[in-house]
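The residues making up each chain are set out below.
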Amino acid sequence: MIYGKNLIDGAWMGSDEVLVSADLDGQEFAQADAGQVEAAGLAARRDFRAYAGTTRAARATFLRKIADEIDVLGDEITATAMKETGLPEARLIGERGRTTGQLKMFAELIEDTKYLDMRHDVALPDRQPLPRPDLRLTHRPIGPVVVFGASNFPLAFSTAGGDTASALAAGCTVIVKGHGAHAGTAELVGQAIANAIEACDMPRATFQLVQGSGQSVGKGLVQHPEIRAVGFTGSFGGGRALFDLCHQRDLPIPFYGELGSINPMFCLPNAVESRGVEIGTGWAGSLVLGAGQFCTNPGIAVMVKGAAADALETATVTALQEVAPQKMLTDGIHAAYTSAVQSFADLIEEIGGCGVADAPRYALPALFKVTAREWMANPQLQHEVFGASGILILCNGVAEMQALAEGLEGQLTCTLQMDEADTSLAQALMPVLEEKSGRLLANSFPTGVEVASAMMHGGPYPASTDVRSTSVGTLAISRWLRPVSYQGLPETLLPEELKQ
Ligand code: NAP
């Protein structure tokens, strides 16, 4: 059952200001006030040492318990998320499995000490000209962290999503700033975590859920003096504003923001010749997944012009014509999509779909075509459009394709569609694409981010604000850890994992 309250220091609290959810039949959600934001930060700080001091085994049990509690509320979570986001049932059930899977993955990760990347330099008392001390290094949790729920993944990148799971695994207390687009889903998942806190006897401010606007609650949390790191997925503008705030603080803190990417797909000549239709159909499928509201949506396909490219284009257009209108996540995201599609239509040739559907919040795919020269010359065409909009870019030859790759901004992903006969061109592109993106793919599509130890989901700015960090996969835990060296300390003072 949804109460419309915030979880602060172990208690569900209301406030004077409420958000009324039209999706949930007028359910009211308390918007945290400044005093509650302050209290959440202080409680997260107060309980940080106790939580950071829990054993890895206890935290692993806690993470698994959260997963179990989410499953207990599973049907209610799915039904609520369907109403709030418009996403279909199968997708939300899948996303719940991914969310509980992530929690269990981090539980398993911390049962072994490998993630702590420990080092030990044994003392050399007789070394000349100076003795070497005993030096041991491990990683300690960074402190209380704030996680912003993402609009497009109400479960896997929100309340108990990847950032929360990895931060709790690391030993950090977590405050989630819920996304207003799915306040009810956020609260239900928050209830599951609260149940797990109680069952596992964890400190009560181990996890808190604070709902409210970015301008008040979001800014208040990242500026709270006790917060030590922030995780974020969302828009370029919002992410950049919060990044700047984190760095302007008296005590600057890391801000791990995933902001936006157009995920270029380079379709190399032999692959286009031999299987252009297959690539075009596959591109259309990837483009419209989840109404295109994926950060890894392949927004541009780059190829050399000619008959084979024409066949790929026809296949893409044909496949997109089959797609029914899809509901978008929020009115704001829908408005941003239709306005971006309209601005493209004013600039370049529209070859399939117009983006606009008749029902409110519903959208259709849109496909455009442009020359590589025009695309490179116009920065307006190079921004992410959040939704099922794609641009087919035609090059005058492979040199122009290479020039386009050189001019790209940082990306989450870059994809090569290639046959064996394309290998030398692919080899020439590789050093450029490696520099531009966090994940390189061959002969598949970038939507569908595997939760696995070798996954990198991040990339050079503006794809993310920290090129060294990922929000998916086991490496994500390093966001919330900091290295500490222990020099010559007696064993009784060392962290458990550093003892002989
Ligand atoms: P958003 O507007 O960036 O909002 C994300 C979160 O940040 C929300 O909690 C929001 O609070 C807060 N926020 C935004 N601007 C802020 C600011 N200046 N100061 C403090 N807090 C701020 O993203 P969204 O609502 O998810 O969707 C809007 C657009 O973001 C989409 O159209 C799309 O372009 C992009 N997006 C990208 C990705 C991706 O994976 N790259 C994912 C989702 C969305 P409020 O809700 O109160 O503003």
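Residues numbered from 1 in each chain as written. Predicted model: local features only at pLDDT ≥ 70, side-chain atom pairs only at ≥ 80, totals over all residues. Heavy atoms only, no water.

Caption draft 1: Geometry of the packing of helix α3 (residues 74-85) against helix α4 (residues 89-111). It is at 10 Å that the axes of α3 and α4 come closest, and there the two elements cross at 130°. Here α4 runs oblique to α3, going by the angle between their axes. The hand of the α3/α4 crossing is right-handed. Seen from α3, the contacting residues are Gly74, Asp75, Thr78, Ala81, Met82 and Thr85; seen from α4, they are Glu89, Leu92, Ile93 and Arg96. Considered class by class, the residues forming the contact of α3 with α4 number four nonpolar, three polar and three charged. (Axes fitted to C-alpha atoms, helices over the stretch in contact; angles between N-to-C directions. Helix = DSSP H or I, 4+ residues; strand = E, 2+ residues; numbered from the N terminus. Parallel < 35°, antiparallel > 145°, perpendicular 65-115°, else oblique. Left-handed = near helix turned anticlockwise from the far one by under 90°. Contact = heavy atoms within 4.5 Å. Nonpolar A, V, L, I, M, F, W, Y, C, P; charged D, E, K, R; others polar.)

Caption draft 2: Quick peek at the site of the ligand. In the neighbourhood of the ligand, 22 residues make up the surrounding shell, with Ser151, Lys177, Gly214, Ser235 and Cys295 lying closest. Taking lysine 177, its side chain carries an N or O atom lying 2.8 Å from an oxygen atom of the ligand. Glutamate 258 has a polar side-chain atom sitting 3.3 Å from an oxygen atom of the ligand. When the free accessible area of the ligand is taken as 850 Å², the share hidden by the protein chains comes to 81%. With respect to the pocket detection grid, the ligand is positioned in the largest pocket. (Near = heavy atom within 4 Å. Polar contact = N/O pair within 3.5 Å; in protein donor to acceptor, adjacent residues only side chain to side chain. Areas by Shrake-Rupley, 256 points an atom, 1.4 Å probe, with all protein chains shown as cover. 1 Å grid on protein atoms, 1.4 Å probe; cavity = no way out; pocket = protein on both sides within 12 Å on 5 of 7 lines; lining within 4 Å. Sits in = over half its atoms within 2 Å of the grid points.)

Caption draft 3: Region of interest: the packing of aromatic side chains. For the structure on display, the rule yields nine aromatic pairs. Ring centres 4.9 Å apart and planes at 50° place the aromatic pair phenylalanine 153 and phenylalanine 157 in the tilted group. Taking the relative accessible area as the measure of exposure, phenylalanine 153 reaches 8% and is therefore buried. Centre to centre, the rings of phenylalanine 232 and phenylalanine 255 are 5.6 Å apart; their planes meet at 35°, and the pair counts as tilted. Taken as a pair, phenylalanine 232 in strand β10 (residues 229-233) and phenylalanine 255 in strand β11 (residues 255-258) lie far apart in primary sequence, 23 residues in all. (Phe/Tyr/Trp six-rings, centres within 6.5 Å; stacked < 30°, edge-to-face > 60°. Buried < 20%, exposed > 50% of the residue type's maximum accessible area, 1.4 Å probe, protein only.)

Caption draft 4: Structural view of the side chain of threonine 415. Structurally, threonine 415 is set in strand β18 (residues 411-417). For threonine 415, the contacting residues outside a window of four places in its chain are Pro264, Met265, Phe266, Leu441, Ser444 and Pro446.

Caption draft 5: Main features of unusual backbone geometry. Residue proline 129 is reached from glutamine 128 by a cis peptide bond, and omega for that bond is 0°. Examined against the element boundaries, proline 129 turns out to sit in the loop between β5 (119-121) and β6 (135-141). Backbone torsion omega between tyrosine 461 and proline 462 reads 10°, so that peptide bond is classified as cis. Mapped onto the fold, proline 462 is located in the loop between β19 (437-442) and β20 (481-487).

Caption draft 6: Quick peek at the pairing of strand β17 (residues 389-395). For β17, the buried fraction is high: seven of the seven residues fall into the buried class. Alternating positions in β17 separate into two faces, Ser389, Ile391, Ile393 and Cys395 on one and Gly390, Leu392 and Leu394 on the other, with burial throughout. Pairing of strand β13 (residues 300-304) with β17 involves five bridges; the strand directions are parallel. Along β17, the bridge assignment pairs valine 302 with isoleucine 393. (Pairing = 2+ DSSP bridges.)

Caption draft 7: Seen up close, helix α13 (residues 398-406). When we look at burial in α13, the residues that qualify are Glu400, Met401, Leu404 and Ala405. Buried residues in α13, looked at end-on, bunch into an arc of 145°, giving them a common side. The exposed set on the far side of α13, more than 90 degrees from its buried face, consists of Ala399 and Glu406. Where α13 is buried, its residues contact β12 (265-267), β13, α12 (372-377), β17 and α14 (423-436). (Arc of directions from axis to C-beta.)

Caption draft 8: Structural view of the pairing of strand β7 (residues 145-148). The alternating pattern of β7 places Val145 and Val147 and Val146 and Phe148 on opposite faces, both of which are buried. As paired strands, β7 and strand β8 (residues 174-177) are joined by four bridges and run parallel to one another. Within the sheet, the bridge partner assigned to valine 147 lies in β8 and is valine 176. Handedness of the crossover joining β7 and β8 through helix α5 (residues 162-170) is recorded here as right-handed. For β7 and β10, the ladder comprises three bridges, and the chain directions are parallel. If you follow valine 145 over to β10, its bridge partner there is alanine 229. (Right-handed = clockwise from strand over helix to strand, strands pointing away.)

Caption draft 9: Local environment of the domain arrangement of the protein. Domain annotation for the protein reports domain 1 (6-259 + 464-498) and domain 2 (265-442). For the pair domain 1 and domain 2, the summed buried area comes to about 920 Å², and 57% of that belongs to carbon and sulfur atoms. Linking domain 1 with domain 2 are one salt bridge, by the criterion used here. Residue aspartate 23 pairs with arginine 361 through a salt bridge whose shortest N-O separation is 3.4 Å. Our enumeration of links across domain 1 and domain 2 arrives at three residue pairs in polar contact (both at pLDDT 80 or more). (Domains from an automatic or database assignment. Buried area = accessible area lost by both parts, 1.4 Å probe. Salt bridge = Lys/Arg side-chain N within 4 Å of Asp/Glu carboxyl O.)

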